[in-house]
Amino acid sequence: MLSDQWFVRTKPLAEPAIPGNAWDIYKQAWDVIGNLPGDERDAIPELSGEEVAPDADKLDTICQKYRSHIDLLRQALQRTTVDPHYAYEQGFAMEFPYVSKCLAASRFLAGMASHLHRQGRDDEALDLLVLNLGMSQDLARQGPLMQSLVLIMCEGFVHAGCRELLANHKLTPRSLQEALGMMEKMDAGRPQLRDALTAE
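A brief report on the enclosed structure follows.

Reading the values: the criteria
- Residues numbered from 1 in each chain as written.
- Predicted model: local features only at pLDDT ≥ 70, side-chain atom pairs only at ≥ 80, totals over all residues.
- Heavy atoms only, no water.
- Helix = DSSP H or I, 4+ residues; strand = E, 2+ residues; numbered from the N terminus.
- Expected span 1.5 Å × (residues − 1).
- Buried < 20%, exposed > 50% of the residue type's maximum accessible area, 1.4 Å probe, protein only.
- Arc of directions from axis to C-beta.
- Contact = heavy atoms within 4.5 Å.
- Salt bridge = Lys/Arg side-chain N within 4 Å of Asp/Glu carboxyl O.
- Axes fitted to C-alpha atoms, helices over the stretch in contact; angles between N-to-C directions.
- Left-handed = near helix turned anticlockwise from the far one by under 90°.
- 1 Å grid on protein atoms, 1.4 Å probe; cavity = no way out; pocket = protein on both sides within 12 Å on 5 of 7 lines; lining within 4 Å.
- Points joined across faces, edges and corners; volume = space filled by probe spheres on them.
- Patch = residues over 30% accessible without salt bridge, like charges linked within 9 Å, V, L, I, M, F, W, Y side chains within 5 Å.
- Areas by Shrake-Rupley, 256 points an atom, 1.4 Å probe, with all protein chains shown as cover.
- Core = buried A, V, L, I, M, F, W, Y, C linked by side-chain atoms within 4.5 Å.

This part takes up helix H9 (residues 173-188). An α-helical turn contains 3.6 residues, so a residue and the one three or four places further along point in the same direction. Between its first and last C-alpha, H9 extends 23 Å over 16 residues, near the 22 Å set by a 1.5 Å rise per residue. By the burial criterion, the buried members of H9 are Ser175, Ala179 and Met186. With its buried residues spanning 25° around the axis, H9 presents them on a single face. Opposite the buried face of H9, at more than 90 degrees from it, the exposed residues are Pro173, Arg174, Gln177, Glu184 and Ala188. Buried residues in H9 make contact with helix H5 (67-78) and helix H7 (122-140).

Below is the structure:
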């Protein structure tokens, strides 16, 4: 039997709550930060997969350029529902165009969090890691097994970022407390892999 976590989210992950479907907002953000130009992808080690020395100035420029799209993700967490409206009746012909874009967006957020941490902006870095976790969980809601596996990959990016951050951080107590509160809420409503297996 499927648990409630697999079905549409009916409560926001961030306050204040705003009525609406988060999926519509995610798509706007993923269409951009999930499909960066090649030169910008190459500047972010988490996206390029290359061992390159980070260019702090270029990464600052990229972070600022896509600030509004990061804010869209934050707004999505405030929405009261998440419903991708998947057409399961199409069977194997059904398409999932945002899976790869969400994965790229997760790598982007992980890269920006690492950059902010290197700059000593740890509160901002932690905010992006929490945002990454919530976004990735919402991808898996009502999704097939493939999307639950992507969630696990994205959680790996978040966990690695948290380990890096907490190993040497300058977080304020308020920032840490708020992040832990949100993560506990996300953990309680996390979509479960067994639900995706049952749905398959």
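This part is about the pattern of salt bridges. By the definition in use, this model includes nine salt bridges. Here Asp127 makes a salt bridge to Arg74, at a shortest N to O gap of 2.3 Å. Note that Asp127 is positioned in helix H7 and Arg74 in helix H5, a separation of 53 residues in sequence. Given a relative accessible area of 34%, Asp127 falls into the partly exposed group. Arg74 sits in the partly exposed class, given a relative accessible area of 26%. Where salt bridges share partners, they join Asp60, Arg121 and Glu124 into one cluster.

Let's shift gears to the packing of helix H1 (residues 22-33) against H7. At a minimum axis separation of 12 Å, H1 and H7 run at an interaxial angle of 115°. Considering only the axes of H1 and H7, their crossing is left-handed. In this structure, H1 uses Trp23, Tyr26 and Trp30 to contact H7, whose residues at the interface are Gly134, Met135, Asp138 and Leu139.

Look at helix H8 (residues 145-167): 33 Å from first C-alpha to last across 23 residues, which is about the 33 Å you get at 1.5 Å a residue. The complete set of buried residues in H8 reads Gln147, Ser148, Val150, Leu151, Cys154, Glu155, Phe157, Val158, Gly161, Cys162 and Leu165.

Attention shifts here to the layout of surface pockets. Here the largest pocket defines a volume of roughly 350 Å³. Lining the largest pocket are 18 residues, and of these Arg74, Asp127, Val130, Glu178 and Met182 lie nearest its centre. Contributing elements (two or more residues each) for the lining of the largest pocket: H5, H7 and H9. Residue contributions to the lining of the largest pocket peak at six residues, all from H7.

As a further point, take unusual backbone geometry. Each neighbour pair has its own omega, and for Glu15 with Pro16 the value is 0°, a cis peptide bond. Mapping Pro16 onto the fold places it in the segment before strand S1 (18-21).

With respect to the helices, strands and loops of the structure, Val82 is situated in the loop between strand S2 (79-81) and helix H6 (99-118). Along the primary structure Val82 and Asp24 are separated by 58 residues, whereas in three dimensions their C-alpha atoms are 8.7 Å apart.

Turning next to a nonpolar patch on the surface. On the surface, a cluster of nonpolar side chains totalling about 230 Å² of accessible area is made up of Leu149, Ile152 and Leu193. Structurally, Leu193 can be placed in helix H10 (residues 193-199). Classification of Leu193 as partly exposed rests on a relative accessible area of 32%.

Looking now at the side chain of Glu40. By the element assignment, Glu40 lies in helix H2 (residues 38-43). Classification of Glu40 as buried rests on a relative accessible area of 8%.

Right, let's talk about the nonpolar core for a bit. If you look at the biggest cluster of nonpolar residues, it comprises 54 residues, and the most contacted ones within it are Tyr26, Trp30, Leu73 and Phe108. Elements represented by at least two residues in this core include exactly H1, helix H4 (56-65), H5, H6, H7, H8 and H9. Look past the residues within four positions of Tyr26 in its chain and what remains in contact with it is Leu73, Ala76, Leu77, Gly134, Met135 and Asp138.

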